[in-house]
Structure formats: C-alpha cells, structure tokens
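Spelled out, the chains give:
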Amino acid sequence: MSSGNRNNQIGPPRFAIAVHSLVWLAQSEKLLTSSAIASKVKSHATFLRRVMAQLAAEGIVETKEGRDGGYSLKVPASQLTLADVYQAVRPECLVCMETSECGEIGKQLDDALEEIMNEAEKETLRLLKGYTLEDFMKKVDFEHFEKECLG
C-alpha cells in the first residue's frame with residue numbers, strides 16, 4: 001500500500017492493514033509471524049499484533065504462540081466478508097470528540113454528527129457485506145504479486 005493511498009483512507013486506519021494481512025494469510029500455506037506480515041504490509045509489528053489480536057478475538061484468525069508460532073486464517077476467504085473485518089477492527093466510538101464547552105448547541109451539533117456517522121457506517125457495512133475476502137482477492141493480479149512480494 002503506498003503512503004499516498006493511506007492519506008485518502010476511508011474507515012478505521014486498521015481496516016486496510018487488516019485486509020492486507022488477511023490476504024497474506026489466505027495466500028500462505030503456513031503460519032505467518034507478526035514480523036513477516038508487518039514487513040509485507042509496511043506496518044510496525046507491534047501495531048500489527050494489536051490488529052491481529054482484534055481479528056483473533058472475533059474468530060477470524062487463529063494464533064499459535066511460541067517459537068514456531070504465528071497466525072493463520074480461521075475463516076475461509078470465501079466466507080469472510082469485508083464487513084466482518086471492518087466490524088472486527090472498527091473503533092468503539094465513531095464520533096469521538098472531547099466534551100464541547102458550547103452548551104446546548106454543541107450537544108446538538110455532536111448529536112447530529114453522530115447520527116450522520118452512524119448512517120454512513122450502516123451504508124459502509126451494507127456495501128462491505130457484498131464482498132468476501134475471496135472476491136477482493138480476485139481484484140489483484142497475483143502473478144505480479146508473487147514476483148514482487150514473494151520473490
């Protein structure tokens with residue numbers, strides 16, 4: 001993922017990292033360590049482990065601890081929707097703002113913004129439910145992927 005694309009990112013920052021990581025796991029025939037995945041998705045291993053912990057908590061990936069440990073995909077790519085991934089890594093609060101000192105009008109502004117953000121998230125989830133990880137992977141030219149990334 002180029003750094004230019006990250007500036008235009010929609011959704012939680014962890015979403016793109018999670019999807020990229022899951023693609024690597026779906027393509028792999030073996031366990032992948034957090035450092036191996038982090039290097040492929042251009043992320044810090046500590047940040048990646050936090051993302052993977054969220055995915056593990058939702059039953060999307062399996063973890064194996066220890067020297068020969070790592071991560072593997074628990075849900076088949078054909079059954080895992082992008083909405084599942086989005087929900088696993090989304091922030092708890094969509095409109096996280098500090099308390100406004102603007103009294104009643106500030107509260108009304110916050111409430112209106114929260115209503116719009118909730119509506120936007122519903123539409124996002126509706127759209128993402130229409131794509132599985134497998135569908136998403138079909139949009140990628142894996143022949144070049146293997147030469148570029150695995151070679």
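Along each chain, residues carry numbers from 1 onward, in the same order as the chain's sequence is written. Totals for whole chains, interfaces and linings use every residue, but because this is a predicted model, local features are given only for residues with pLDDT of at least 70 and side-chain atom pairs only at 80 or more, for both listing and counting. Side-chain figures throughout are based on the complete set of non-hydrogen atoms in the structure, without hydrogens or water.

Looking up the protein chain in an unreviewed UniProt entry gives the name Rrf2 family transcriptional regulator, with the organism given as Peribacillus simplex.

Undergrad: How would you sum up the nonpolar core? Please name residues and give values.
TA: Side-chain atoms within 4.5 Å link the members of a nonpolar core, which is a set of buried Ala, Val, Leu, Ile, Met, Phe, Trp, Tyr and Cys residues. Think of it in three bands: residues with accessible area under 20% of the maximum for their type are buried, residues over 50% are exposed, and the middle band is partly exposed, with areas taken using a 1.4 Å probe on protein chains only. Ranked by internal contacts, the top residues of the largest apolar core, which has 34 residues, are Leu-22, Leu-25, Leu-55 and Leu-133. Those elements that place two or more of their residues in this core are helix H2 (13–27), helix H3 (34–41), helix H4 (45–57), strand S2 (70–73), helix H5 (82–89), helix H6 (103–128) and helix H7 (133–137). Throughout, a contact is declared for two residues whenever any of their heavy atoms are within 4.5 Å. Setting aside anything within four residues of it in sequence, one finds Leu-133 in contact with Val-19, Leu-22, Val-23, Ala-26, Leu-73, Ala-77 and Leu-80. Only DSSP runs of H or I covering at least 4 residues are called helices, and only runs of E covering at least 2 are called strands; the numbering of each starts at the N terminus.

Undergrad: Provide a residue-level description of unusual backbone geometry, including the pertinent values.
TA: Unusually for a residue other than glycine, Lys-42 sits at a positive phi of about 55°. Topologically, Lys-42 is positioned in the loop between H3 and H4. Here Lys-42 falls in the exposed class, since its relative accessible area comes to 58%.

Undergrad: Requested: an account of the packing of H2 against H4, with residues and values cited.
TA: For the pair H2 and H4, interaxial distance at closest approach is 10 Å and the crossing angle is 80°. Of the possible angle classes, the one that applies to H2 and H4 is roughly perpendicular. Side by side, H2 and H4 meet where Arg-14, Ile-17, Ala-18, Ser-21, Leu-22 and Leu-25 of the first sit next to Phe-47, Leu-48, Arg-50, Val-51, Met-52, Gln-54 and Leu-55 of the second. The class makeup of the residues in the contact of H2 with H4 is nine nonpolar, two polar and two charged. In this analysis, axes come from line fits to C-alpha atoms, helices being fitted only over the stretch in contact, and the angle between any two N-to-C directions falls in the range 0 to 180 degrees. Geometric relationships in this document are graded by angle, where less than 35 degrees denotes roughly parallel, more than 145 denotes roughly antiparallel, 65 to 115 denotes roughly perpendicular, and other angles denote oblique. Each residue is assigned to one class: nonpolar for Ala, Val, Leu, Ile, Met, Phe, Trp, Tyr, Cys and Pro, charged for Asp, Glu, Lys and Arg, and polar for all the others, Gly among them.

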